[in-house]
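Residues per chain are reported as follows:
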Amino acid sequence: GAIGIYKWRYTGLNRWHGKGSTPNFQKIIQERCDTYTQQIRPDSRSRDCQGITQAFMSAFISKDPCKATKEDYQPLIDLAYPTVPCGKAVFWSKTKELAREYAKGRGLLTLEDTLLGFLADGLSWCGEPGSSDLNYQSCPDWKKDCSTNYFSVFWEVLSERFAENACGTVQVVLNGSIENAFDKMSIFGRVEAHNLRSVVMLQAWLVHDPGKPPRDSCSGSSIKELESILNGRNVRFTCRDNLR
Ligand code: N1C
């Protein structure tokens, strides 16, 4: 009856509104780690992929999927800190593919070029209290279920570390075809921009989708907001409207 369905809906594996864990999550992490350490950055061959995979799984397995903390990921981050050389970091917001192309063409690096960013890129994951398995049916959605889910907290803490360690002149690729190219609620806006410790200058590139009318520009109010955050941190700022 109705109560039975209600109970199933709110206690079952299907109760969350986000995409379930990626099939073979653990195997993919293990394989990506091997590929990264052996082929992509062979200088990182000494990294312990078994330990890294274990630390990733232990961070969220058997836990309430809405009670993620930064501390849960600390052991994992300690095994593979996301660092790139000074002057090489590229940040982005709502421009992922383009930013990656931009970085690649110039010998620069995004978070997905570091080991942990590479491992988790495009995957989803969450566990279930009282079970040693992942929930492949559904995972909490940031808006509809909880912001403190394991997926979101992972990207927040990893992005925070990436920004903290960035140094010299860095770049950010922003989307000028949306209302606020600088979105203070995005990870770039609420985490990275506030954690630039050793960055001397941030160069912003506003990219406009050729098929769409430009909706924001370097002189718009969202970019002014970014500029004022950086002024407060003594980071120099430049911005260019780049029509691809
Ligand atoms: O919220 P965003 O962008 O501003 O986050 C992007 C920002 C980049 O500068 C990265 O360094 O934060 C870092 N980052 C990732 O590298 C990343 N890879 C995949 C943040 N999030 C990342 N993801 C997933 O995309 C994650 O699910 C997160 O919520 C989105 C962020 O997309 P966005 O809004 O375009």
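Overview of the structure.

How each quantity is defined
- Residues numbered from 1 in each chain as written.
- Predicted model: local features only at pLDDT ≥ 70, side-chain atom pairs only at ≥ 80, totals over all residues.
- Heavy atoms only, no water.
- Disulfide = S-S within 2.5 Å.
- Helix = DSSP H or I, 4+ residues; strand = E, 2+ residues; numbered from the N terminus.
- Buried < 20%, exposed > 50% of the residue type's maximum accessible area, 1.4 Å probe, protein only.
- Axes fitted to C-alpha atoms, helices over the stretch in contact; angles between N-to-C directions.
- Parallel < 35°, antiparallel > 145°, perpendicular 65-115°, else oblique.
- Left-handed = near helix turned anticlockwise from the far one by under 90°.
- Contact = heavy atoms within 4.5 Å.
- Nonpolar A, V, L, I, M, F, W, Y, C, P; charged D, E, K, R; others polar.
- Phe/Tyr/Trp six-rings, centres within 6.5 Å; stacked < 30°, edge-to-face > 60°.

## Here we look at the state of the cysteines
Here is step 1 of the chain: One pass over the full model with this rule turns up 5 disulfides.
Here is step 2 of the chain: There is a disulfide in this structure between cysteine 33 and cysteine 49, and the S-S distance comes to 2.1 Å. Measuring handedness by torsion sign, the sulfur bridge of cysteine 33 and cysteine 49 sits at about -85 degrees and is left-handed. One end of the pair, cysteine 33, is in helix H2 (residues 25-40); the other, cysteine 49, is in helix H3 (residues 49-60), and 16 residues separate them in sequence.
Here is step 3 of the chain: Of the residues examined, cysteine 49 reaches a relative accessible area of 7% and is grouped as buried.
Here is step 4 of the chain: Paired through a disulfide, cysteine 218 and cysteine 239 show a sulfur-sulfur distance of 2.0 Å. Torsion about the S-S bond of the cysteine 218 and cysteine 239 cystine: about -75 degrees, corresponding to left-handed handedness. Placement of the pair is cysteine 218 in the loop between strand S5 (198-207) and helix H9 (221-232) and cysteine 239 in strand S6 (residues 236-242), with a sequence separation of 21 residues.

## Here we look at the packing of H3 against helix H4 (residues 70-79)
Here is step 1 of the chain: Axis separation between H3 and H4 bottoms out at 8 Å; the angle between their running directions is 165 degrees. In terms of orientation, H3 lies roughly antiparallel with respect to H4. In this structure, the crossing between H3 and H4 has a hand that is left-handed. Contacts between H3 and H4 pair Gly51, Ile52, Ala55, Phe56 and Ala59 from the former with Asp72, Tyr73, Pro75, Leu76 and Leu79 from the latter.
Here is step 2 of the chain: A class-by-class count of the residues in the contact of H3 with H4 yields 8 nonpolar, 1 polar and 1 charged.

## Section: the packing of aromatic side chains
Here is step 1 of the chain: Scanning the entire structure with this criterion turns up 18 aromatic pairs.
Here is step 2 of the chain: Between tyrosine 73 and tyrosine 150 the ring centres are 6.0 Å apart and the planes differ by 70 degrees, which places this aromatic pair in the edge-to-face class. Of the two residues, tyrosine 73 is situated in helix H4 and tyrosine 150 in helix H7 (residues 150-165); the sequence distance between them amounts to 77 residues.
Here is step 3 of the chain: Given the relative accessible area of 0%, tyrosine 73 is considered buried.
Here is step 4 of the chain: A ring pair is formed by tyrosine 102 and tryptophan 205, whose centres lie 6.0 Å apart and whose planes are at 50 degrees; its orientation type is tilted. Of this pair, tyrosine 102 sits in helix H5 (residues 96-106) while tryptophan 205 sits in strand S5; the two residues are 103 residues apart in sequence, bridging distant segments of the chain. Accessibility classification places tyrosine 102 together with tryptophan 205 in one group, the buried group.
Here is step 5 of the chain: Joined through ring pairs, the aromatic side chains of Phe25, Phe56, Phe60, Tyr73, Trp125, Tyr150, Phe151, Phe154 and Trp155 make up one cluster.

Function-wise, these values are silent; they only describe arrangement.
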